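# Breakdown of the fold
One letter stands for each residue in the lines below.
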Amino acid sequence: MRDNDVMALAMEYKTEKDRNYMDKIWIKDLEIFAYHGVLAEEKRNGQNFYVTVSMDVDLHAAGMTDDLDKTVNYAEVCERIRRTMQEESYDLIEAAAENVADAILLAYPQIKMVHVIVSKPSAPIPMDFDTVCVDITRGRHIAYLGIGSNLGDKEAYLDYAVDQLNKDEYIQVTKVSSYIITEPYGDVEQDDFLNGCLEIETIYSPQDLLAVINDIEQGAGRKRLIHWGPRTLDIDILLYDREMIMEENLKVPHVEMAKRAFVLEPLAEIAPYAYHPGYHKTIIELLEALQNKKD
């Protein structure tokens, strides 16, 4: 077995291990009086809600050192949940749960995933019941993006993409490849491209990330007039965790990435062992296969 294969298997094992055996901090049935509900009397009179959260976080260092700084202070988390539940009045407990999850993930980067249950035992239902709950799970995701430009100041447009992504509190750009000059793809006569790839950590869902990317492209003056035509800025979602997404406006992994050296070369620079779930190969393996095919 080649070194690349060994590394890929090791990374796959680590990913599965982290997913299945991550340590957790639980806060159960935190009682909070708040004013959520569609009905006017719910917003006027308020009622008790109960919030349960579990947070996936590595607790080994805290357990070995008995150091509060190496864990998550759950008293602080409780206060953050209270503020989130009380500072705004939501029609839906779905919105309350979503905002609790966001507040925790944004405040504590060491938390990889949060599971939130918001219970509403006094919901206006005209029959006997125990409680009504909304149960959601949100977490951090690793995505890889391809960026390209062949109009105007190409490097400035790519830097603009990186800067705009980093300004979004739901996104952190963790790696940026070198920029490479590449010939245009397709039959349209146009200038050479400047291409690169990014690794990001994000709380966004794939569709929400796509919406942010489209806004950044438009901010750079992107106009979708000609397929594979010239553009000020192009941003593609190449990989999102190991998800396979087949939706009308979004396909991940990017359907053409395994055929494109201008994607695989900069991506291999920053993430050679990132895994393509469709081909079941690492990026460096896909690049080697493409290079061998051309030889």
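Predicted, not measured: the structure shown is a model, and the values here were computed from it. (Residues numbered from 1 in each chain as written. Predicted model: local features only at pLDDT ≥ 70, side-chain atom pairs only at ≥ 80, totals over all residues. Heavy atoms only, no water.)

Another aspect to go through is the overall build of the protein. Each helix and strand counted, the protein has 9 helices and 13 strands in total. Expressed as a percentage of the 295 residues in the protein, the buried residues total 45%. Considering only residue pairs separated by 6 or more positions, the protein has 65% of its internal contacts joining residues 24 or more positions apart. Accessible surface, the protein as shown: approximately 16,200 Å² in total, 51% of it carbon and sulfur. (Helix = DSSP H or I, 4+ residues; strand = E, 2+ residues; numbered from the N terminus. Buried < 20%, exposed > 50% of the residue type's maximum accessible area, 1.4 Å probe, protein only. Contact = heavy atoms within 4.5 Å. Areas by Shrake-Rupley, 256 points an atom, 1.4 Å probe, with all protein chains shown as cover.)

Looking now at the environment of Ile237. You can see Ile237 is positioned in strand β9 (residues 234-240). For Ile237 and Leu210, which are 27 residues apart along the polypeptide, the C-alpha to C-alpha distance reads 7.5 Å. Apart from the residues lying within four places of it in its own chain, the contact partners of Ile237 are Tyr144, Leu145, Pro206, Leu209, Leu210, Ile213, Leu250, Val252 and His254.

This part is about the environment of Tyr273. Within the secondary structure, Tyr273 is located in the loop between α8 (261-270) and β12 (275-276). Overall, the relative accessible area of 30% leaves Tyr273 in the partly exposed class. In sequence terms Tyr273 and Ile283 are 10 residues apart; their C-alpha atoms lie 5.9 Å from each other.

Right, let's get into the confidence of the model for the protein. Averaged over every residue, the pLDDT of the protein is 90; the share at 70 or more is 87%. Here residues 6-18 is a poorly scored stretch, pLDDT under 50, and it has 8 contacts once near neighbours within four places are set aside; other chains count. Low confidence marks residues 224-228, where pLDDT is under 50. Its contacts with residues over four positions away, or in another chain, come to 9 contacts. (pLDDT = per-residue confidence, 0-100.)

Formed by 57 residues in total, the largest nonpolar core has its most connected members in Val53, Ile81, Ile104, Val116 and Leu209. Of all the elements, helix α5 (residues 93-107) adds the most residues to this core, at 7 residues. Non-local contacts of Ile81, meaning those with residues more than four positions away in its chain, are made with Leu30, Ile32, Val51, Val53, Val100 and Ile104. Tyr144, Met257, Ala268 and Leu286 belong to the second-largest nonpolar core, a separate cluster that totals 20 residues. (Core = buried A, V, L, I, M, F, W, Y, C linked by side-chain atoms within 4.5 Å.)

Helix length check: helix α9 (residues 283-294), at 12 residues, gives a terminal C-alpha distance of 17 Å against a target of 16 Å (1.5 Å per residue), a fit within 8%. All of the buried residues along α9 are Ile283, Ile284, Glu285, Leu286, Leu287 and Leu290. (Expected span 1.5 Å × (residues − 1).)

Okay, the environment of His276 next. Here His276 shows up in strand β12. Residue contacts for His276: discarding those within four places in its chain leaves Leu239, Pro253, Met257, Lys281 and Leu286. Only 3.0 Å separates the side chain of His276 from the backbone nitrogen of Gly278, close enough to count as a polar contact. (Polar contact = N/O pair within 3.5 Å; in protein donor to acceptor, adjacent residues only side chain to side chain.)

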